[in-house]
Amino acid sequence: EHFHVACFAIYGYHRGDTQAEMEQVHGEVDDFVNLMAASQGGGWPSDADMAAVINAKEVDVLVDLIGLIHNHRHGILALRPALTQVNMVYAATTGGDHIDIFVSDKIASPPELIPDVYVEKMLLVPGSHFVNNQQGLLSRSWAPPTRSEFGLPAGASLVAGLNAFFKITPLIFHAWMQILQIVPSAVLALAKYQCVSPYLF
């Protein structure tokens, strides 16, 4: 009741969202703004068009929930449409001066590395800063699987790549191969991409 919460949607929806989830988002914010309608000349709106809409709302704190991923629109944030701009996804610096505060935790962002790695001011929260709703996937009695369930050696060093496959570039894969050559006991595990099971193969 002390804040006016607005949701600025760049694409208006997320491909994985259900109608019920979208209605929940609409119901929990004070203002839902579809930035795809921000174009001044018709067609695809520019970063400047979207930044102008956000700026017109006189936003005090703008929180980026996308990060630097494919199809990101950090050009909007670079135009500084809000008084304070915050990033709270992933655990890597944006490297730019358009993000004032980076929300993380001491596991993802070890305090001793912050001065050399991050350009943003850090806000370290207790526990994990990764917000996920796993209630529909995992029961309260769920226990992590053991290595033996997947045929993994108990004493091996596990090198895990849990990103979507398109993020595994030749350079990244080559680095993993070098690690496996240097550490013969190491095992490389990849996530099952777009699979309901969270397990590795």
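This one's a predicted model, so the numbers in the text were calculated from it and none came from an experiment.

## Describing the overall build of the chain
Part 1: In terms of helices and strands, the chain carries 5 helices and 8 strands.
Part 2: In the chain, the succession of helices and strands from N to C terminus is β-α-β-α-β-α-β-β-α-β-β-α-β.
Part 3: The burial tally for the chain puts 26% of its 201 residues in the buried class.
Part 4: If you take every contact in the chain between residues at least 6 apart in sequence, the share linking residues at least 24 apart comes to 42%.
Part 5: Accessible area of the chain: about 14000 Å², with a carbon and sulfur share of 58%.

## Focus: the confidence of the model for the chain
Part 1: Confidence in the prediction of the chain, expressed as mean pLDDT, is 80, and 84% of residues score 70 or more.
Part 2: Element-level pLDDT for the chain is lowest in strand S1 (residues 6–9), with a mean of 76, against a maximum mean of 93 in strand S6 (residues 121–124).
Part 3: Counted against residues more than four places away or in other chains, residues 195–201, with its pLDDT under 50, gives 14 contacts.

## Regarding the environment of glycine 127
Part 1: One can find glycine 127 in the loop between S6 and strand S7 (158–161).
Part 2: Exposure remark for glycine 127: the relative accessible area of 61% places this residue in the exposed category.
Part 3: Along the sequence, glycine 127 and serine 104 sit 23 residues apart, while their C-alpha atoms lie 9.5 Å from each other.

## Observations regarding the sheet that holds strand S5 (residues 101–104)
Strand pairing in a sheet takes place through backbone hydrogen bonds and is either antiparallel or parallel in direction.
Part 1: If you trace the 4 strands from one edge of the open sheet to the other, you get S3-S4-S5-S6, paired in parallel fashion. Unpaired on one side and paired on the other, strand S3 (61–64) and S6 mark the two borders of the sheet. Taking the axes of each pair of neighbouring strands and ignoring which way they run, one obtains an average angle of 25 degrees across the sheet.
Part 2: Pairing between S5 and S6: 4 bridges, direction parallel. Considered in S6, the bridge of serine 104 is made with leucine 124.

Procedures and definitions
Within each chain, residues carry numbers counting from 1 in the order of the written sequence. Totals for whole chains, interfaces and linings use all residues, but because this is a predicted model, local features are given only for residues with pLDDT of at least 70 and pairs of side-chain atoms are given and counted only at 80 or more. For the side-chain quantities, the full set of heavy atoms in the structure was used; hydrogens and water were omitted. Secondary structure elements are defined from DSSP: runs of H or I of at least 4 residues count as helices, runs of E of at least 2 residues count as strands, and each element is numbered from the N terminus. Buried means the residue's accessible area, taken with a 1.4 Å probe over protein chains only, is under 20% of the maximum for its type, while exposed means over 50%, and partly exposed covers the values in between. The contact criterion used is simple: two residues touch if any of their non-hydrogen atoms lie within 4.5 Å. Areas reported as accessible are Shrake-Rupley estimates using a 1.4 Å probe. Residue values count occlusion only from the protein chains shown. Values of pLDDT, ranging from 0 to 100, describe the predictor's confidence in every residue of the model. Note on pairing: two strands pair once DSSP finds at least 2 bridges between them. To obtain each axis, a line is fitted to C-alpha atoms, and for helices this fit is confined to the stretch in contact; angles are then taken between N-to-C directions over 0 to 180 degrees.

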